[in-house]
Amino acid sequence: MGIHIKEVLPVLETILKQQMQISERLTKLIAAFGDEPEPVEPILRSMLKPVTEDICEMREALAQSSQTSPGS
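The text that follows walks through the structure, step by step, so that each part is easy to find. If you're wondering where the values come from, they're calculated on a predicted model, not measured in any experiment.

### Digging into helix H1 (residues 5–34)
Helix length check: H1 (30 residues) gives 42 Å between terminal C-alpha atoms against 44 Å at 1.5 Å per residue, within 8%. All of the buried residues along H1 are Glu7, Val11, Thr14, Gln18, Arg25, Leu29 and Ala32. Here the buried face of H1 lies against helix H2 (41–68).

### Digging into the pattern of salt bridges
Tallied over the entire structure, the rule returns one salt bridge. Of the charged contacts, one joins Arg25 and Asp54 as a salt bridge, the two residues approaching to 3.1 Å between their closest N and O atoms. Taken as a pair, Arg25 in helix H1 and Asp54 in helix H2 lie far apart in primary sequence, 29 residues in all. The residues Arg25 and Asp54 share a single accessibility class, namely buried.

Scoring rules and cut-offs
Residues numbered from 1 in each chain as written. Predicted model: local features only at pLDDT ≥ 70, side-chain atom pairs only at ≥ 80, totals over all residues. Heavy atoms only, no water. Helix = DSSP H or I, 4+ residues; strand = E, 2+ residues; numbered from the N terminus. Expected span 1.5 Å × (residues − 1). Buried < 20%, exposed > 50% of the residue type's maximum accessible area, 1.4 Å probe, protein only. Contact = heavy atoms within 4.5 Å. Salt bridge = Lys/Arg side-chain N within 4 Å of Asp/Glu carboxyl O.

And the structure:
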(Lines give C-alpha, C1' and ligand atoms only; values in the text may rest on other atoms or scores of the structure.)
Protein backbone atom coordinates (compact mmCIF):
# COMPACT_ATOMS: atom_id res chain seq x y z
CA MET A 1 0.00 0.00 0.00
CA GLY A 2 1.63 3.21 -1.17
CA ILE A 3 1.05 6.75 -0.03
CA HIS A 4 0.43 9.31 -2.73
CA ILE A 5 1.69 12.88 -2.26
CA LYS A 6 -1.66 14.25 -3.46
CA GLU A 7 -3.30 12.65 -0.42
CA VAL A 8 -0.66 13.80 2.06
CA LEU A 9 -0.05 17.36 0.83
CA PRO A 10 -3.36 18.88 2.08
CA VAL A 11 -2.77 17.39 5.53
CA LEU A 12 0.80 18.71 5.61
CA GLU A 13 -0.42 22.17 4.60
CA THR A 14 -2.98 22.08 7.40
CA ILE A 15 -0.31 21.02 9.90
CA LEU A 16 1.97 23.85 8.73
CA LYS A 17 -0.77 26.46 9.20
CA GLN A 18 -1.59 25.08 12.63
CA GLN A 19 2.07 25.04 13.62
CA MET A 20 2.38 28.71 12.66
CA GLN A 21 -0.71 29.54 14.72
CA ILE A 22 0.63 27.57 17.68
CA SER A 23 3.95 29.43 17.44
CA GLU A 24 2.11 32.76 17.51
CA ARG A 25 0.15 31.65 20.57
CA LEU A 26 3.29 30.45 22.32
CA THR A 27 4.89 33.84 21.70
CA LYS A 28 1.87 35.49 23.34
CA LEU A 29 2.06 33.01 26.20
CA ILE A 30 5.75 33.74 26.77
CA ALA A 31 4.97 37.45 26.81
CA ALA A 32 2.11 36.87 29.26
CA PHE A 33 4.31 34.92 31.64
CA GLY A 34 6.95 37.63 31.34
CA ASP A 35 4.44 40.13 32.77
CA GLU A 36 4.02 38.36 36.10
CA PRO A 37 1.88 40.97 37.87
CA GLU A 38 -0.89 40.57 35.27
CA PRO A 39 -3.23 37.53 35.50
CA VAL A 40 -2.51 34.95 32.82
CA GLU A 41 -5.74 32.94 33.11
CA PRO A 42 -7.73 35.10 30.64
CA ILE A 43 -4.93 34.76 28.09
CA LEU A 44 -4.75 31.00 28.57
CA ARG A 45 -8.51 30.66 28.18
CA SER A 46 -8.52 32.71 24.97
CA MET A 47 -5.72 30.55 23.58
CA LEU A 48 -7.30 27.21 24.50
CA LYS A 49 -10.42 27.55 22.35
CA PRO A 50 -8.59 27.99 19.00
CA VAL A 51 -6.23 25.12 19.81
CA THR A 52 -9.21 22.84 20.45
CA GLU A 53 -10.78 23.95 17.18
CA ASP A 54 -7.50 23.27 15.34
CA ILE A 55 -7.33 19.75 16.79
CA CYS A 56 -10.88 19.07 15.59
CA GLU A 57 -10.01 20.42 12.15
CA MET A 58 -6.94 18.18 11.97
CA ARG A 59 -9.01 15.13 12.96
CA GLU A 60 -11.49 15.91 10.17
CA ALA A 61 -8.71 16.32 7.61
CA LEU A 62 -7.12 13.03 8.62
CA ALA A 63 -10.48 11.27 8.56
CA GLN A 64 -11.23 12.59 5.07
CA SER A 65 -7.76 11.57 3.90
CA SER A 66 -8.17 8.04 5.23
CA GLN A 67 -11.64 7.72 3.65
CA THR A 68 -10.40 8.74 0.21
CA SER A 69 -7.23 6.63 0.22
CA PRO A 70 -7.29 3.67 -2.19
CA GLY A 71 -6.50 1.14 0.53
CA SER A 72 -9.74 1.86 2.48
